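# Fold and contact review
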Amino acid sequence: ICILVTDANNKILKVNRAWDMVLVGAGELGHAIGRYAGFSNRGFRIVMVFDNNPKKVGNKIGEHVVQDIAEMEASIRAARVEIAMLTVPASAAQEATNALVRAGVRAILNYAPITLSVPDNVRVEAIDPILRLQHMTYYL
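Reading the values: the criteria
Residues numbered from 1 in each chain as written. Predicted model: local features only at pLDDT ≥ 70, side-chain atom pairs only at ≥ 80, totals over all residues. Heavy atoms only, no water. Helix = DSSP H or I, 4+ residues; strand = E, 2+ residues; numbered from the N terminus. Buried < 20%, exposed > 50% of the residue type's maximum accessible area, 1.4 Å probe, protein only. Contact = heavy atoms within 4.5 Å. Phe/Tyr/Trp six-rings, centres within 6.5 Å; stacked < 30°, edge-to-face > 60°. Lys NZ or Arg CZ within 6 Å of the ring centre and 35° of its normal. Core = buried A, V, L, I, M, F, W, Y, C linked by side-chain atoms within 4.5 Å. Salt bridge = Lys/Arg side-chain N within 4 Å of Asp/Glu carboxyl O.

## What about the overall build of the protein chain?
Helices and strands together make up the secondary structure of the protein chain, namely 5 helices and 7 strands. Counting from the amino terminus, helix and strand elements in the protein chain follow one another as α-β-α-β-β-β-α-β-α-β-β-α. Expressed as a percentage of the 140 residues in the protein chain, the buried residues total 30%. The contacts in the protein chain between residues at least 6 apart in sequence include a share of 52% that link residues at least 24 apart.

See the structure below:
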């Protein structure tokens, strides 16, 4: 299957512009995502990184300094960011999600192994590597 990428398709998919995103969670997965260079050439850019661990706050991931999660709501609201990537442990995911929603985030890419509860106007996409691996092994 070949998908033809055109300006019309980009407009329909709303990727004819750059979308700012925040990254919540500065652990190993957060570091990998924060340093990944492939977002910007596809219309997405990480503009802020947050974590609740004082040992991680102030450190750099890529070009971003990790900020305290206590500042997250105000910072996101001020920057009017609508997309977040969540790479926190399952135990912290719902609380972080609640803060993201209060800040105005309307789309969350969730790497935490938990189903998040969000209002109807917020879209959550879950990334579950184990489920994908199980899917692949079915075909082996």
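## A word on the packing of aromatic side chains
If you walk through the whole model with that rule in mind, you get 2 aromatic pairs. Their ring planes at 85° and their centres at 5.0 Å tell us that tyrosine 36 and phenylalanine 39 sit as a pair that is edge-to-face. Geometrically, the ring pair formed by tyrosine 138 and tyrosine 139 is edge-to-face, given 4.9 Å between the ring centres and 90° between the ring planes. On the accessibility criterion, tyrosine 139 (61% relative accessible area) is exposed. Seen from the ring of tryptophan 19, arginine 17 lies directly overhead, with NZ or CZ sitting 3.6 Å from the centre.

## Looking at unusual backbone geometry
Of note, the phi angle at arginine 80 is positive, near 60°, even though the residue is not glycine. With respect to the helices and strands, the residue arginine 80 is situated in the loop between helix H3 (72-79) and strand E5 (83-86). Residue class for arginine 80 comes out exposed when judged on its relative accessible area of 72%.

## Observations regarding the nonpolar core
Val22, Val24, Met72, Ile76, Leu86 and Leu100 are the most contacted members of the largest nonpolar core, which has 20 residues in total. Secondary-structure elements contributing two or more residues to this core are strand E1 (19-24), strand E2 (44-51), H3, E5 and helix H4 (90-103). Broken down by element, the residue count for this core peaks at 5 residues, all from H4. When residues no more than four places from it in sequence are discounted, the contact partners of valine 24 are Phe50, Ile69, Met72, Met85, Leu86, Thr87, Val88, Ala96 and Leu100.

## Structural notes on the pattern of salt bridges
A complete count under the given rule lists 5 salt bridges for this structure. For arginine 123, the salt bridge goes to glutamate 125, with nearest N and O atoms at 2.4 Å. Among the residues examined, arginine 123 registers a relative accessible area of 54% and is labelled exposed. Judged by its relative accessible area of 37%, glutamate 125 is partly exposed. Here the salt bridges share partners, and the residues they tie into one network are Glu73, Arg77 and Arg102.

Structural measurements only, silent on function.
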